[in-house]
Amino acid sequence: AIVKPSELAPATQETIAELFANHFSPNYIYPLKANAQEMQDYLNNRFDYIFYTGGTSAAKSIMAAAAKHL
């Protein structure tokens, strides 16, 4: 699983990255630190599932990118 915390909350992003690195193998769960443009690049890949919580504009962008791989 890839977990991508908001880049707008850098302290939370760092805390999640540290916690996951200390408790999980990156083969199973990976904290991704990326800004909006970098995330668009990641969304060019095919994902089996995407679970998103956040704002509407980002959701529409994620949905459009994911729809290309249906």
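See the structure shown above.
What you see is a predicted model; the values in this text were computed from it and never measured.

Here is what the cut-offs are and how they apply
Residues numbered from 1 in each chain as written. Predicted model: local features only at pLDDT ≥ 70, side-chain atom pairs only at ≥ 80, totals over all residues. Heavy atoms only, no water. Helix = DSSP H or I, 4+ residues; strand = E, 2+ residues; numbered from the N terminus. Buried < 20%, exposed > 50% of the residue type's maximum accessible area, 1.4 Å probe, protein only. Contact = heavy atoms within 4.5 Å. Areas by Shrake-Rupley, 256 points an atom, 1.4 Å probe, with all protein chains shown as cover. Salt bridge = Lys/Arg side-chain N within 4 Å of Asp/Glu carboxyl O.

Chemist: Please clarify how the overall build of the protein should be interpreted in this entry.
Modeler: Looking only at helices and strands, the protein has 3 helices and 2 strands in total. Mapped in sequence order, the helices and strands of the protein form the string β-α-β-α-α. The principal-axis extents of the C-alpha atoms in the protein amount to approximately 35 × 25 × 20 Å. Evaluated residue by residue, the protein yields a buried proportion of 17% over its 70 residues. Taking the contacts inside the protein whose residues are at least 6 apart along the sequence as the reference set, 43% of them involve residues at least 24 apart. Carbon and sulfur atoms make up 58% of the accessible area of the protein, which amounts to about 5500 Å² in all.

Chemist: What should I look at first to understand the pattern of salt bridges in this one?
Modeler: Where charged atoms from two side chains of opposite charge come close, those side chains can pair. Counted under the stated rule, the structure contains 2 salt bridges. Across the salt bridge formed by lysine 33 and glutamate 14, the nearest N and O atoms sit 3.1 Å from each other. Placement of lysine 33 in the loop between strand S2 (30–31) and helix H2 (36–42) and of glutamate 14 in helix H1 (residues 10–23) is noted, with a sequence separation of 19 residues between them.

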